[in-house]
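# A structural walkthrough
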Amino acid sequence: MKLRRHLAGLATILVAMSAGAVVATAPAPTNAAPAAASAADEGYGRMMLVLDASGSMAQAAGGGQTKIAAARKALTTVVDGLPDEAQVGLRVFGATVFSRTDKGSCTDSQVVVDPGTDNRDALRAAIDDYEPYGETPIPHALKEAAKDLGDEGARSIVLVSDGESTCDPDPCTVAAELQKNGIDLQIDVVGLSVSGEARAQLQCIAEKGNGTYYDADSAADIESRLTRVASRALRPFTLRGTPIVGGAESSPTPVEVGDYVDTLGASGDSKSYVFTRETAGTTLRVAALSQGETGFLDGLVAEVTGPAGRCDYASANRGALDLREVMGVQLTAGAGLGSSGVEGCEEPGDYVVTITRARGASEEVPFGLVVTEEPPVEEVGFSDPELASLSAAAPQVGGEPQRVEGASSFDGASEVGTGSWSSTVVPGEVLIYKVPLEFGQAAQVSVDFPEATGQLAEQFGRFAPSANLTLFNPLGAQLGYVDGSTWIDSPDGVSLQAAVPAVSRAPSEVRSAKFNGGADVTVAGDYYVSLSVQKKDYTVEIPFTLNVEVIGEPSDGPTYVGGATWNVVDGATAGTQEPSASPSETESADGDGDGGAAAESEGDTVSIVAVAAGVLGLAALVAALLLWRRRSAG
């Protein structure tokens, strides 16, 4: 499923090395926060539109149009709005065999446009030719669509249908098998004027396919839902990293700085990894995150143990059965950090990280593992106890809300700053936005839901669903809730609010942030706002306004020993401080006459030898680095 790359980190290291720098720590992951795999490196997945061409599509859809006419119009709008970089294809089913008694009715599905980025004209032409005709072989169409998309990367199927499958096996079972066999695949479904068993079946396909179901009861609904689902499907939740298999706690799998993807089995299953710290005083940060499994309470428990004992422990749980909300935990081993109070967690040695699946889950699920190492800190930089203990309050913003779409993953999340932003959420889905924060900056965040009226009020019935507001740090780990936070409530006419305390490396503020029950705010970068609504038996879009106030000006962050630099995205680059000249070197530089000339000539010779040695040393060090620290996969 959720994957976070570039060569920028390596390029920075090479530049620093060519200037005579010494690498302080191994390169950190090129993008520490987890995220979506991309087409053309733009954050997009591959999408296959799978369209029902059964005879019932000729029926009226409301608004004076047939379902097929409304679908054609909606699909044309979708294609016209597709990003140029997105790979999209089109498959139909029920288009060539008229009756279920005819041979081939249950394998009647054809790919009419292969997934690609330069196929928009072909997509429009195929949509124009799209006609209602035969039966509804959904199981075969889903299997073939998964093949169309290939085996790797973030992939989405968007199924558009107005009826129940007329073929075996159960398409709900097929969807579950496809999603289990391809952890980066999700299946979203748009049901066209369906009810009863047909609607229940389509909902089940979306649930088992780790997607979202959308009702469309009129021509206007069809266009709105298809446009929405296509946009979301191109940015599914994925995890980026090198595939890895964790070991037992007694025989952990070695890891280095980078991003990884592994799986956890049923509740109680654990995976262990070992990181070897070579430099005293560095800070090891490890994050683990997963969406778990829908239909179950789910959770993660993590701990890191070093030569001196357990350095940190963290847990995250999802309390709703029907959400795909991200669970993210962070472990820290460094001087004055972590949660155990054990001395010596900054010393060299082996640090064992164990991630455990908690609570009543059953199926195997993927999770991401992020490993970073910060150089030894010389000065902590910005410190403000008042902003570090910030309480949640309503953001002070004005003006009309700007429209913004949420993403399903950290990567691809729309950036929001100070202001008001409007969007809609469908129960069962999760929306993610990013708020960049520098050292010295804090943020107030609120989400306002209007009072439900009309169809929304009717479908809420007696009780509205619960909304959830969660904040994450740049590693993808959940922040604790500060005083004044209200993060879960009915979205019917309420406001939820939370805050990010000032980003600071100061130890007292680190402890304050950790005390509040979540990950720390010790690194600058993209912080994330996640909004979700617990699912019930309806699929209306619930409007909301997201308010953000960034507080404070960017300030100096920490300085590192030896002049090294570090950030959570690019990792460490080396220090460039020049060593001071020795007395003998000063005397030589002040010499004159033949002696001075001779010294200069000798110096030139030494410089030439040093350059040659430096080039050889550079090549050797690059090779060593490539062996020493594995890069995260793109």
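All of the points below concern the structure found in this document. All figures in this text were calculated on a predicted structure; none of them were measured in a lab. (Residues numbered from 1 in each chain as written. Predicted model: local features only at pLDDT ≥ 70, side-chain atom pairs only at ≥ 80, totals over all residues. Heavy atoms only, no water.)

### Regarding the nonpolar core
Counting residues in hydrophobic clusters, the biggest one holds 59 residues, and the most contacted among them are Val416, Phe449, Val500, Tyr527, Ile542, Phe544 and Leu546. The element best represented in this core is strand β23 (residues 430-437), accounting for six residues. Phe449 has contacts with Val425, Ala467, Pro491, Gly493, Val494, Leu496, Leu531, Ile542, Pro543 and Phe544, leaving out every residue within four places of it along the chain. In this structure, Ala86, Val190, Tyr214 and Ala230 belong to the second largest nonpolar core, which totals 37 residues. (Core = buried A, V, L, I, M, F, W, Y, C linked by side-chain atoms within 4.5 Å. Buried < 20%, exposed > 50% of the residue type's maximum accessible area, 1.4 Å probe, protein only. Helix = DSSP H or I, 4+ residues; strand = E, 2+ residues; numbered from the N terminus. Contact = heavy atoms within 4.5 Å.)

### Re the pairing of strand β12 (residues 270-277)
Most of β12 is tucked away: six of the eight residues are buried. Looking at chain direction, strand β10 (residues 253-254) and β12 are connected through two bridges and run parallel. Across the sheet, the residue bridging to Thr253 is Tyr273, located in β12. The sheet contact formed by β12 and strand β17 (residues 349-358) spans eight bridges and is antiparallel. Counted as the bridge partner of Ser272 is Thr354 from β17. (Pairing = 2+ DSSP bridges.)

### As for the packing of aromatic side chains
All chains considered together, the criterion is met by five aromatic pairs. Ring geometry for Phe410 versus Tyr528: centroids 4.7 Å apart, planes at 85 degrees, classification edge-to-face. Taken together, the residues span a long stretch of sequence, with Phe410 in the loop between β20 (402-403) and β21 (414-415) and Tyr528 in strand β28 (residues 525-533) at a distance of 118 residues. Between Phe449 and Phe544, the ring centres sit 6.1 Å apart and the planes meet at 50 degrees, which makes this aromatic pair tilted. Remark: Phe544 occurs in strand β29 (residues 542-551) and Phe449 occurs in the loop between β24 (442-448) and α9 (454-460); sequence separation between them is 95 residues. Exposure remark for Phe449: the relative accessible area of 4% places this residue in the buried category. The exposure class assigned to Phe544 is buried, which follows from its relative accessible area of 3%. By the ring-pair criterion, three or more aromatic residues cluster together here, those being Phe410, Phe472 and Tyr528. Geometry around Tyr351 places Arg277 over its ring, the cationic atom sitting 4.7 Å from the centre. (Phe/Tyr/Trp six-rings, centres within 6.5 Å; stacked < 30°, edge-to-face > 60°. Lys NZ or Arg CZ within 6 Å of the ring centre and 35° of its normal.)

### Here's the deal with the sheet that holds strand β25 (residues 467-472)
Strands in a sheet are paired, the pairing made by backbone hydrogen bonds, and the direction either parallel or antiparallel. Reading across from one edge, β21-β23-β28-β25-β26 is the order of the five strands in this open sheet, with mixed pairing throughout. Two strands bound the open sheet, and with one partner strand each, they are β21 and β26 (488-489). Both β25 and β26 contribute to a ladder of two bridges, which runs antiparallel. Across the sheet, the residue bridging to Asn468 is Ile488, located in β26.

### Some words on unusual backbone geometry
At the junction of Asp168 and Pro169, the peptide bond is cis and its omega measures out at 0 degrees in the coordinates. With respect to the helices and strands, the residue Pro169 is situated in the loop between β6 (155-161) and α5 (171-181). Of note, the phi angle at Ser193 is positive, near 50 degrees, even though the residue is not glycine. The topology assignment puts Ser193 in the loop between β7 (185-192) and α6 (196-208). In this structure Ser193 comes out as partly exposed when scored by relative accessible area, which is 31%. One non-glycine residue, Asn210, lies in the positive phi region at around 60 degrees.

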